[in-house]
Every structure is written in C-alpha cells, then in structure tokens.
Amino acid sequence: SRNKVGNQPECFQTIVVGNTVQNIIVSIDGKHLFVSSGTGLLSKWDCETGKNIASVKLEGDIQALQLSSDGRRLYTISNWKTISKWSASKMKILRTNESECGRTTELTISLDGKSMYITAWLTGEIHKLTNKFKHVKKFEENNIQHIRVSKNGDKLYIGKDTHNNQTFTVADLN
C-alpha cells in the first residue's frame, strides 16, 4: 500500500522498527531488509508485508552491517570490537572474533568473499582480514568514515572527514 508521511513523498511501505536505525541493507533479491540499531538489535524484515521475520539482540551497539555479494552472509561489528559472520537466511552467527585493531567502526567485504577490510577509529588504521578473520595487512589512514572495495577487488575507496572537509582516497590493493 502507498503511504504519505507528512511532507514526505509517497512511499510503498512504511516499516516501523521501534529503534534507532543505524544501518540498513536490502537483500540481493529485494525481498528482505536487514536493520541494525544503536541499541544492539539486528532485525530481518519482509519488504512486502513489513513484518519482522527475526530479531537478535547483540552486546552493545552495532557499528557496521554488510551483506556478502551472493546475499548468503551478513557481517556485523558490534560493541566496537566484535566481528560476526551470520547466515542471512537463518539469522544465526556462524563465526565471531574480537578485532585486534581497537575500536572498530566500519567494514567492507570483497566480492569474492575472501577478504574483509575493517577500520580502527582511534588509530585511523584499515586492517585486511581473510574470511576466517585472520589478520593479513594494515593500511595507515586518518579520519576514516567509510570504506568500500571495488567490484574487481583491486581498489579500496576510503571516505574521510577532516575538519568538515569530506574527501575520499582510492588505495591500490595490488
């Protein structure tokens, strides 16, 4: 059904999640919405009906949320240090590890799923991990807000915020 909310344009569905929305990821097929909150709630929603399919409460806030390119795995960073790999269909944790790089705030996954890049907020470092969370490389950067890997996996895009100047850097991964 279509809804009009205040002065906002019409939308197809309004889903009330009942929490502060931190991150939103849409499934590859567009049928599900994964939502993380600042209170540690990770939820899976049906985009057609607006119904909650599953919710899991994590320890602490959820800083980052990413979906693998095949849509089968979901990745979270919670409590500033806990990296978790999930089954997106079952909303069950498959693997968890504590970050070795301090207060971790952002993550991105390579398209082949073999590499993960995470940021350390206080040190400004970017760490490359294998899909088994083994540490393999460290990049030095500052004031990192966001990171993403290019489609072919050869570049890392790094969004920064330095004294209200938003910039981005492209790092060669080869």
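Let us look at the structure shown here. (Residues numbered from 1 in each chain as written. Predicted model: local features only at pLDDT ≥ 70, side-chain atom pairs only at ≥ 80, totals over all residues. Heavy atoms only, no water.)

**A word on the overall build of the protein**
Put simply, the rule reads: Comment: elements are numbered from the N terminus, with helices defined as DSSP H or I runs of at least four residues and strands as E runs of at least two. Burial here depends on accessible area, computed with a 1.4 Å probe over protein chains only, as a share of the maximum for the residue type. Under 20% is buried, over 50% is exposed, and the range in between is partly exposed. For the accessible areas, the method is Shrake-Rupley and the probe is 1.4 Å, while residue cover comes only from the protein chains on display.
From N to C terminus, the protein includes 0 helices and 15 strands. Residues counted as buried form 41% of the 174 residues belonging to the protein. When the accessible area of the protein is evaluated, it comes to approximately 10,100 Å², of which 48% is carbon and sulfur surface.

**Quick look at the pairing of strand β5 (residues 62–67)**
Heads up, the condition is: DSSP-based pairing: two strands are paired if at least 2 bridges between them are found.
With 6 of its 6 residues buried, β5 lies for the most part within the structure. Of the strand pairs in this sheet, β5 and strand β6 (residues 73–78) are connected by 5 bridges, and their pairing is antiparallel. Its bridge partner lying in β6, Leu65 is registered against Thr76. The hairpin turn running from β5 into β6, its antiparallel successor, is 5 residues long, and Gly71 in that turn takes a positive phi close to 80°.

**Observations concerning the environment of Leu42**
Put simply, the rule is: Residues count as neighbours in contact if any of their non-hydrogen atoms are within 4.5 Å of one another.
On the secondary structure map, Leu42 appears in strand β3 (residues 41–46). It is 5.2 Å that separates the C-alpha atoms of Leu42 and Val56, two residues lying 14 residues apart in sequence. Ignoring anything within four residues of it in the chain, the contact list for Leu42 reads Val35, Ser36, Ala54, Ser55, Val56, Ile62, Leu65, Leu74, Thr76, Trp86 and Met91.

**Regarding the layout of surface pockets**
Selection criterion: Using a 1 Å grid laid over the protein atoms alone, points where a 1.4 Å probe fits but cannot get out form a cavity; open sets with protein on both sides within 12 Å along at least 5 of 7 lines form a pocket; any residue with an atom within 4 Å of a point counts as lining. Grid points are joined across faces, edges and corners, and a volume is the space filled by probe spheres set on the points. Amino acids are sorted into nonpolar (Ala, Val, Leu, Ile, Met, Phe, Trp, Tyr, Cys and Pro), charged (Asp, Glu, Lys and Arg) and polar (every other residue, Gly among them).
Taken as a whole, the largest pocket encloses approximately 270 Å³ of empty space. Around the largest pocket, the lining is made up of 15 residues, and of these Gln63, Thr105, Glu106, Gln145 and His146 lie nearest the centre. When residues of the lining of the largest pocket are traced back to their parent elements, those giving at least two are β1 (21–26), β5, β9 (104–109) and β13 (144–149). Residue classes in the lining of the largest pocket are distributed as 6 nonpolar, 7 polar and 2 charged.

**Structural notes on unusual backbone geometry**
You will see that Met91, though not glycine, has its phi angle at about 55°, which is positive. Considering the arrangement of structural elements, one finds Met91 in the loop between β7 (82–87) and β8 (92–98). By relative accessible area, which is 5% here, Met91 ends up buried.

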